[in-house]
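For reference, the chains in residue letters:
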Amino acid sequence: MIYFVIYILLTFSGYSDQINITSGWNLISGLSGTSEKLLNENSEILIIWGFESNRWKVKLGTELSTVKSNYEKFTALESLHGSNGYYLYSKKDIVVEGETLANTDYDLNYFNQLKGGWYLLSGQDFDLTSIVQDTKSRLNTAFSYKFGRYFVQQKIASNDYIDLGRFDGKMKSKQAYWIQVKSQIESEKWSFLTQGSVCSSPAISSDGTIIVGSDDGNLYAISSAGTMKWSFLAGKGNFFSPVIDKDGTIYFGGSGNKLYAINGDGSLKWSVELASGISSSPTIGVDGSIYIGSYFGKIFSISHLGEKQWSYVTDGVACTSILADSSGVVYVGSYLGSSITALSREGQKLWSYATDSGISSNISKDNNGTIYFGARNNKVYAINGDGTLKWSYLTEGTVFSTPVLDFDGTVYFASMDAKVYAIAQSGEQLWSVLLGGGIKSTPALSKSGAIIIGCDDGGLYTISTSGVIQTTVFVGESIISSPTLDSSGVIYFGALDGRIYAINSESKGLAKTFWPKYGGSIENLPQFH
């Protein structure tokens, strides 16, 4: 939880003073100089964290040198800037030279002029409550840390923060407070606020309705104008991504054990209970069968009428979506397992390939029969249709992002090492580009040749096919949801701030490649359907 609170930048100046640091974790503002000097002069300080220019930065004291490898993926923190915030751990109470922040006049206009993201406030007594609760305000969240605990004041109480206690919104002049401000996005067409985080990747129906789930337990249908058409409540919990069949039926796994089939008007068509607990988004076979994974490693095949057909036991939790291709072959893996397996449409094993690690991404496929997926061992695999290895590529982080495919066979994906990769059909890297945080989102390829992807730093990035970042839009919190585009070029995605966003772009829809986005099409349904 400590990492969540250190997202922050500070924009205030101050004057020279001494800062009291207590044993344990401290939110510190106003320090200037070098991190090396601070650690050398204060041996009781073990670690200093900062977040600057959208990059994590860290400096370890000599006492933690043996665990240095655990922090190698973070940029080294060298300088301390008096206008920034830092988070450090001390073994006991000490005093360091620093600055006390000058007073700043905080009001509604002040907060609405801030750029989106996280900020550190201090310097005067102030009551944030009315501004946080104001529906027109861009100030969504305020955090504090005192007495060894985190406290929060939030516009929408999300499950993510429920264990942090409650901050009454009253700031004290000599304490530090982190605030989250919603971005003012010039390209934003609209945003729709749910009552929970949105990890689900949207699907778009034939009439342009956006279908997406929220952790508040609802499946939402939103018009292209941003108004809610209907919602379907299936119980609170993490929502997986929906898929829309050719006849307009929407399939999704709710919290608990149920797979739902919903008509296009939001009414229930049928539901089926799976005793093992649903752990993946559904996929649909060419014969209409629905395939979904469970926490106990079972893959279920359900008919389009809601009847159980067969199940297959994998070697671990089946929390990535299954792929069923045009010939009826079903490809399955598991997050805690160590192989990818091909099954017949009747559920019989055809072949298996050992990956020595669990499967962490969904599975995609090209028009030559090669399947692609990411794994917990930081690799992306390309497996031939007969179950032999075509190639694998090693990154520096777990690959949750599903590989997508361009016209020339180039494979694009991202990793938790904060990089987006382009890999040739031979398995050789063409380029990689570093973003501001780990990436779980799957890219979407546009007709204009752009690669659009969300990031844990709260940015929605547009990257050229040569690996150059073209545009970035920052929202309030991390983007795990995978973006999609409609035919007019509007980009849709969800974020952990509970909002579903519609962003205008110069693109005119998805690229007409074999697998241009999460799920393979705007319905999250493979295009060979």
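Residues numbered from 1 in each chain as written. Predicted model: local features only at pLDDT ≥ 70, side-chain atom pairs only at ≥ 80, totals over all residues. Heavy atoms only, no water.

Here we come to the overall build of the chain. Secondary structure assignment for the chain yields 3 helices and 47 strands. The proportion of buried residues among the 529 residues of the chain is 62%. Excluding contacts between residues fewer than 6 apart, the proportion of contacts in the chain whose partners are at least 24 apart in sequence is 49%. When the accessible surface of the chain is split by element, carbon and sulfur atoms take 48% of a total near 20600 Å². (Helix = DSSP H or I, 4+ residues; strand = E, 2+ residues; numbered from the N terminus. Buried < 20%, exposed > 50% of the residue type's maximum accessible area, 1.4 Å probe, protein only. Contact = heavy atoms within 4.5 Å. Areas by Shrake-Rupley, 256 points an atom, 1.4 Å probe, with all protein chains shown as cover.)

Taking strand neighbours across the sheet as the criterion, the 4 strands line up as E37-E38-E39-E40 in an open arrangement whose pairing is antiparallel. A strand with exactly one partner marks an edge of an open sheet, and here the two such strands are strand E37 (404-405) and strand E40 (429-434). Of the pairings in the sheet, the one linking strand E39 (residues 419-423) to E40 comprises 5 bridges and is antiparallel in character. Within E40, the residue paired with isoleucine 423 across the bridge is glutamine 429. (Pairing = 2+ DSSP bridges.)

Counting residues in each nonpolar core, the largest one holds 42 residues, and the members touching the most others are Ile371, Val420 and Ile463. If we ignore the near neighbours within four places in the chain, the residues touching isoleucine 463 are Val420, Trp431, Val433, Leu435, Gly449, Ala450, Ile451, Ile453, Val468, Ile469 and Gln470. In this structure, Phe111, Phe126, Leu128 and Val132 belong to the second largest nonpolar core, which totals 18 residues. (Core = buried A, V, L, I, M, F, W, Y, C linked by side-chain atoms within 4.5 Å.)

It is worth spelling out the environment of asparagine 20 at this point. With respect to the secondary-structure elements, asparagine 20 resides in strand E1 (residues 14-21). Accessibility expressed as a relative area gives 61% for asparagine 20, which makes it exposed. Separated by 75 residues in the primary sequence, asparagine 20 and valine 95 have C-alpha atoms spaced 4.6 Å apart.

Looking now at the sheet that holds strand E41 (residues 444-445). An order of E41-E42-E43-E44 is seen for the 4 strands of this open sheet, with the pairing classed as antiparallel. A single partner strand is all that each edge strand has here, and the edge strands are E41 and strand E44 (469-474). One ladder, built from 2 bridges, connects E41 with strand E42 (residues 451-454); its direction is antiparallel. Along E42, the bridge assignment pairs alanine 444 with isoleucine 452.

Assignment of secondary structure puts serine 294 in the loop between strand E26 (290-293) and strand E27 (298-302). Those residues in contact with serine 294 that lie beyond four places of it in its chain are Ser276, Gly277, Ile278, Ser279, Phe300, Val317 and Ala318.

A separate point is unusual backbone geometry. A positive phi is found at aspartate 356, a non-glycine position, where the angle reads about 65 degrees. Mapped onto the secondary structure, aspartate 356 falls in the loop between strand E32 (349-354) and strand E33 (364-365). Given the relative accessible area of 69%, aspartate 356 is considered exposed.

Another aspect to go through is the packing of aromatic side chains. Inspection of every chain in the model, using the stated rule, returns 16 aromatic pairs. Ring geometry for tyrosine 412 and tryptophan 431: centres 6.0 Å apart, planes at 40 degrees, overall tilted. Of this pair, tyrosine 412 sits in strand E38 (residues 411-414) while tryptophan 431 sits in strand E40; the two residues are 19 residues apart in sequence, bridging distant segments of the chain. The exposure class assigned to tyrosine 412 is buried, which follows from its relative accessible area of 2%. (Phe/Tyr/Trp six-rings, centres within 6.5 Å; stacked < 30°, edge-to-face > 60°.)

Relative to the assigned elements, serine 481 resides in the loop between E44 and strand E45 (484-485). For serine 481, a relative accessible area of 0% corresponds to the buried category. At a separation of 2.9 Å, a polar atom in the side chain of serine 481 contacts the main-chain carbonyl oxygen of serine 200. Dropping the residues within four chain positions of it, serine 481 is found in contact with Val198, Cys199, Ser200, Ser201, Pro202, Ser441, Phe493 and Gly494. (Polar contact = N/O pair within 3.5 Å; in protein donor to acceptor, adjacent residues only side chain to side chain.)

When you line up the elements, aspartate 245 lands in the loop between strand E21 (243-244) and strand E22 (250-253). Using a relative accessible area of 10% as the deciding quantity, one classes aspartate 245 as buried. Apart from the residues within four sequence positions on either side, aspartate 245 is in contact with Tyr251, Ile284 and Leu525.

The tally for this structure, following the rule as stated, stands at 11 salt bridges. Of the charged contacts, one joins lysine 59 and glutamate 36 as a salt bridge, the two residues approaching to 3.0 Å between their closest N and O atoms. Note that lysine 59 is positioned in strand E5 (residues 55-60) and glutamate 36 in helix H1 (residues 35-41), a separation of 23 residues in sequence. The buried category is assigned to lysine 59, whose relative accessible area is 15%. When the shortest N-O distance is used, the salt bridge between glutamate 63 and lysine 91 registers 3.0 Å. Note that glutamate 63 is positioned in the loop between E5 and strand E6 (75-76) and lysine 91 in the loop between strand E8 (85-90) and strand E9 (94-101), a separation of 28 residues in sequence. Taking the relative accessible area as the measure of exposure, lysine 91 reaches 41% and is therefore partly exposed. Overlapping salt bridges bring together Glu36, Lys59 and Glu78 as one network. (Salt bridge = Lys/Arg side-chain N within 4 Å of Asp/Glu carboxyl O.)

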